[in-house]
Amino acid sequence: MRLVKCWFCSSTIYPGHGIQFVRNDAKIFRFCRSKCHKNFKMKRNPRKVKWTKAFRAAHGKDMTKDKTFEFEKKRNRPERYDRNVTENTLKAIKKIDKIRSAREAKHIENRLKPNKQKKFLDDKKEHEQHIHLVQAPGSVTGKIKVDVSEKKSVQNEAMEE
């Protein structure tokens, strides 16, 4: 089963799906859905459309340089089937997938780290500017004494006698 990538958004196209466009110079463009095909016909640049892989890679949103991506490359050399090799390959795929997911999580954490500090400083500044909204009015000047007088009801006096 041959899986190809969409020219516009870089998603996987399975057999029997998508649209092909062949230009006059015999260049083949494959699209996963009509959304990608229409954007291509409108001559939009995939690096400027936010939902594409090209945009995410160009703006540092996704990992682009990692050794685990080399395992995903297409190889056109046929190999003789060997059960042991296949078993070891499947085990390796699982390990590589775990490593990649851990590295992606670390990448996202590192990407968002500066924003956390900035958000904290902005919140702190806003809190200092609007401290009067947070503090009670009496806590600024000092403590206020309140005298509470005891009122005895008629029923309580009758019970005491």
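Counting restarts for each chain: residues are numbered from 1 in the order of the written sequence. This being a predicted model, a pLDDT of at least 70 is required before a residue's local features are given, and a value of 80 or more before pairs of side-chain atoms are given or counted; all residues contribute to the totals for chains, interfaces and linings. Based on all heavy atoms of the structure, the side-chain values leave hydrogens and waters out of the count.

Asker: Give a description of the nonpolar core that names residues and reports values.
Answerer: Among buried residues, those of type Ala, Val, Leu, Ile, Met, Phe, Trp, Tyr and Cys that are joined through side-chain atoms within 4.5 Å constitute a nonpolar core. For the exposure calls, accessible area comes from a 1.4 Å probe over protein chains only, and a residue counts as buried if that area is under 20% of its type's maximum, exposed if over 50%, partly exposed in between. With 10 residues, the main nonpolar core is built from C6, F8, C9, I13, F29, F31, C32, C36, F40 and V49. At the level of elements, β4 (28–31) and α1 (34–41) are the ones that each hand at least two residues to this core. Not counting chain neighbours up to four residues away, the residues in contact with C6 comprise S11, I13, R30, F31, C32 and C36. Under the DSSP-based scheme used, a helix requires at least four consecutive residues in state H or I and a strand at least two consecutive residues in state E, with every element numbered from the N terminus. A contact between two residues is defined here by any heavy atoms of the two lying within 4.5 Å.

Asker: I'd like a description of helix α3 (residues 83–129), backed by residues and values.
Answerer: To estimate the expected span of a helix, count its residues, drop one, and scale the result by 1.5 Å. Given a rise of 1.5 Å per residue, 47 residues ought to cover 69 Å, and the 69 Å separating the end C-alpha atoms of α3 matches this to within 8%. Take the seven residues that end at a residue and the seven that start at it, fit an axis to each, and the angle between those axes is the bend at that residue. Approximately 35° is the largest bend angle found in α3, and it occurs at L112, with the proline P114 only one to four residues beyond.

Asker: Which residues make up α1, and what are the values?
Answerer: Along α1, the positions that sit buried rather than exposed are C36, H37, N39 and F40. Mapping the buried residues of α1 onto a view down its axis gives an arc of 165°, with all of them on the same face. Elements that come into contact with the buried residues of α1 comprise β3 (19–22) and β4. For this quantity, the arc is that covered by the directions from the helix axis to the C-beta atoms.

Asker: Go over the UniProt feature "domain: TRASH" (unreviewed entry) in the protein chain with me, naming the residues and quoting the values.
Answerer: UniProt positions are given in the numbering used here, feature names are shortened, and annotations may be inferred rather than shown by experiment. Mapped onto this numbering, the UniProt entry gives "domain: TRASH" (unreviewed entry) at residues 6–44. With 21% helix and 26% strand, residues 6–44 has its two end C-alpha atoms placed 15 Å apart.

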